[in-house]
Amino acid sequence: MEVPILKQGEVLIATFQAALSDADLEHLRRGLVQQVVKFRSRGVIVDVTAMDVMDSFASRTLREIAHMIRLRGAETVIVGIQPEVAFAMVQLGLTLEDVATALDLEEGLAYLIEKFKNID
Amino acid sequence: MVFVGNARGTQAICLVQLEAVQRKENRFMSRQVSNPGGELVRSEAPSELLRELVAHLRQNRTLLREEWVVRITETRLLTAMTKEEIFAEATSVYDSYVEALETEAFEALQAYARNLSERIIPRGVETHEVVGIVLLLRDVLARSLFAKYQTDFKKLNRILDAYEPAANRIANTVAVGFVQERERVIRQQQEAIRELSTPVLQVRERLLILPIIGVIDPQRARQLTEQLLRGIRTNRAKVVVIDITGVAAMDVTVANHLVQTVEASRLLGATVIVTGLSPEIAQTLVTIGVDLGKMNTVGDLQGGIEQAERLLGYKVVTLAETR
C-alpha cells in the first residue's frame, strides 16, 4: 500500500493509511526525498496517526527521512504518534532523536509555519 | 533376559492391582455383613435425616435462636451492633441457615451472605466475628441435637453424620461470601485511590500540570504515564509540568520510567518540565546517568509554570504595569 504525498503550499504531506511494509516505507522515503526538491518545498509532514505499531525499521526510516530532507534543505515533522505507540517506542529505545514531532497535522503545520517565519 | 524381566514386572503390577481390587471387595463385603440392620439405614437416607433435623430446628426456633444470641453477646461478638440489630440479624441468619440445611441450595445462602456482608462491613464488623457467629450457631444447634438424641446414641451418630457436612459447608459459604465482599470493597477503594492519585490538570490553554504526591511504585508510574499521554492528546497540550515536590524518593526503575515518560511526551509533540526534584531524586537521576539535555527541570512548581508560560508565549503582567 503506497503512501500518497500531497502538496499543500510550501509543505508536502504524507499520510500513512495503514500499517506499512518495509518496501512501502522505502518507497515513501524515495518519493519524499525526490519530491521535496522537485516542488521546492520547505517543509514535510509525515502523519502516522493510523499506525498502531511502530517497529525499529519504521522508526529508523522516519529518522532517515527527516535527516535526508534536512540535507535537501527542508524541515520535517512527524505528527500523530499515538500515546501507546509513543510509550512503546520509548521503551524500545526508539526515541526519534533530533526529529521534530507534533500532536497532529494542525500542530505540525503550525510548527512549520513558525519555523519558516523564523528563517525569513 | 530383558524381555523376561519386563514381563515379570508387568505381572507384578497386575498382581498388585488385583490385590487392591480384592481388598476393596472384601471391605465392601465385610461392611454389608457387619451391618445386619441394613434396611433401617436405607430407609433413613441422609436427606430424610436432614428433614427430621430441620423439623426439630423449626420447632425449637425461638429457644435456639435465643440461646444463640445469648452466646453471641457472651463471647462479645458483633460489638458494633445494638442488641436489637443482633436479634434481627440472628433471626434472618437462623432462618437462612435452616433453609440451606433443608434445601441444600447454597446459592440463596451465598446471596444472603453477600447481602449481609454488604450491610455489616461498613459498620466495622470483622471477619473473625462473622465466622465466629456462624460457628456458634453450628455449635448451639449441635448441642440441641445432643440433648434430643442423648438416649439413642446410634441415631445421634447418624444425625450428626448428616448435619456436620452440611453445617460446615454453610459456615464455609458464609465466610467465603464475607471475605469476597470485603475484597470487592477493597478493590473498589484501591481503584478509587488510583483514580485520585493521577490528576492531570489543565491550568492554561495547552498547558497541563501533573502534581505527583506520595510513593510511586512501578504500577502507579505506568498509570501516570498512560494518563498523562492521554491527557496530552485530549487537551492538545504543548507543555506539561510534572511536579514531584511531594515525592520523597524514587527507585531506579521509576526514575527511568519518568525519563521515558518525558521522551514519550516529546513524541506527542509536548515539552515536559519537571519541577521540585528532591536532592535524593536528583542523586538517583545522576546515578542512572540521565541525558540532561532531554530533561527540562526547574526548581519549583512556580518556576516551572512560569517557564511553561514563556514557552507558550504568555507574559504575565500586573495591572499596574499596563497602566
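Details of the structure are given in the entry above.
Starting afresh in each chain, residues are numbered from 1 along the sequence in its written order. All chains are assigned letters beginning with A, and all ligands numbers beginning with 1, in the order in which they are written. The predicted origin of the model limits local features to residues at a pLDDT of at least 70 and limits the giving and counting of side-chain atom pairs to 80 or more, whereas totals for whole chains, interfaces and linings rest on all residues.

A. Examining the overall build of chain A more closely. Put simply, DSSP marks the helices as runs of H or I at least four residues long and the strands as runs of E at least two long, and each gets a number from the N terminus on. On a plain count of helices and strands, chain A comes out with four helices and five strands. For chain A, the succession of helices and strands along the chain, N to C, is β-β-α-β-α-β-α-β-α. Three exposure classes are used. Buried residues have 20 or more other C-beta atoms within 10 Å of their own C-beta, exposed residues have 12 or fewer, and partly exposed residues fall in between, all C-beta atoms being placed from the backbone. Buried positions account for 41% of the 120 residues belonging to chain A. A residue pair is marked as a contact if its C-beta atoms, positioned from the backbone, fall within 7 Å. Taking as baseline every contact in chain A between residues at least 6 positions apart, the subset at least 24 positions apart corresponds to 73%.

B. Inspection of the overall build of chain B at higher detail. The secondary structure content of chain B amounts to 13 helices and five strands. Within the span of chain B, comprising 323 residues, buried residues form 28% of the whole. Contacts in chain B between residues far apart in sequence, at least 24 positions, make up 81% of those at least 6 positions apart.

C. Local environment of the environment of Leu-94 of chain A. All names here are of chain A. By secondary structure assignment, the location of Leu-94 is in the loop between helix H3 (83–91) and strand E5 (100–102). For the pair Leu-94 and Asp-55, spaced 39 residues apart in sequence, the C-alpha separation works out to 8.5 Å. Leaving out residues up to four positions away in the same chain, Leu-94 has contacts with Met-54, Ser-56, Ser-59 and Met-89.

D. Just the packing of helix H9 (residues 218–235) of chain B against helix H10 (residues 252–267) of chain B, in detail. Residue and element names in this part refer to chain B. Where H9 meets H10, the closest approach of the two axes is 10 Å, and the angle between their N-to-C directions is 10°. With respect to H10, the element H9 is oriented roughly parallel. In contact with Pro-218, Ala-221, Thr-225, Leu-228, Leu-229 and Ile-232 of H9, H10 contributes Thr-253, Val-254, His-257, Thr-261, Ala-264 and Ser-265. Charged residues are taken to be Asp, Glu, Lys and Arg, nonpolar residues to be Ala, Val, Leu, Ile, Met, Phe, Trp, Tyr, Cys and Pro, and polar residues to be all remaining types, Gly included. When grouped by side-chain class, the residues that make up the contact of H9 with H10 number seven nonpolar, five polar and no charged. Axis lines are fitted to C-alpha atoms, over the contacting stretch for helices. Their N-to-C directions set the angle, which ranges from 0 to 180 degrees. Should an angle lie under 35 degrees it is considered roughly parallel, over 145 roughly antiparallel, and from 65 to 115 roughly perpendicular; all remaining angles are considered oblique.

E. Just unusual backbone geometry, in detail. All names here are of chain A. Look at Arg-40: it is not a glycine, yet its phi comes out positive at around 55°. Relative to the helices and strands, Arg-40 resides in the loop between helix H1 (22–38) and strand E3 (43–47). Of note, the phi angle at Asp-98 is positive, near 40°, even though the residue is not glycine. Given 9 C-beta atoms within a 10 Å radius, Asp-98 is considered exposed.

F. Highlighting the sheet that holds strand E2 (residues 11–15) of chain A. Residue and element names in this part refer to chain A. Sheet architecture is open: five strands sit in the order E1-E2-E3-E4-E5, paired in mixed fashion. Where the open sheet ends on each side, the last strands, each with one partner, are strand E1 (5–8) and E5. In this sheet, adjacent strand axes meet at a mean angle of 25° when their direction is disregarded. A pair of strands is labelled paired if DSSP reports no fewer than 2 bridges between them.

G. Quick peek at the sheet that holds strand E1 (residues 201–204) of chain B. All names here are of chain B. As summarised here, the arrangement of the five strands in space is E1-E2-E3-E4-E5, forming an open sheet in which the pairing is mixed. Whereas interior strands pair on both sides, the edge strands pair on one side only; in this sheet they are E1 and strand E5 (296–298). Each adjacent strand pair in this sheet contributes to an overall mean axis angle of 30°, direction not counted. In this sheet, strand E2 (residues 207–213) lies alongside E1 in antiparallel orientation, the contact comprising three bridges. Bridge assignment links Leu-201 to a residue of E2, and that residue is Ile-209. Against the sheet, H9 contacts E1, E2 and strand E3 (239–246), and its axis sits at roughly 165° relative to E2.

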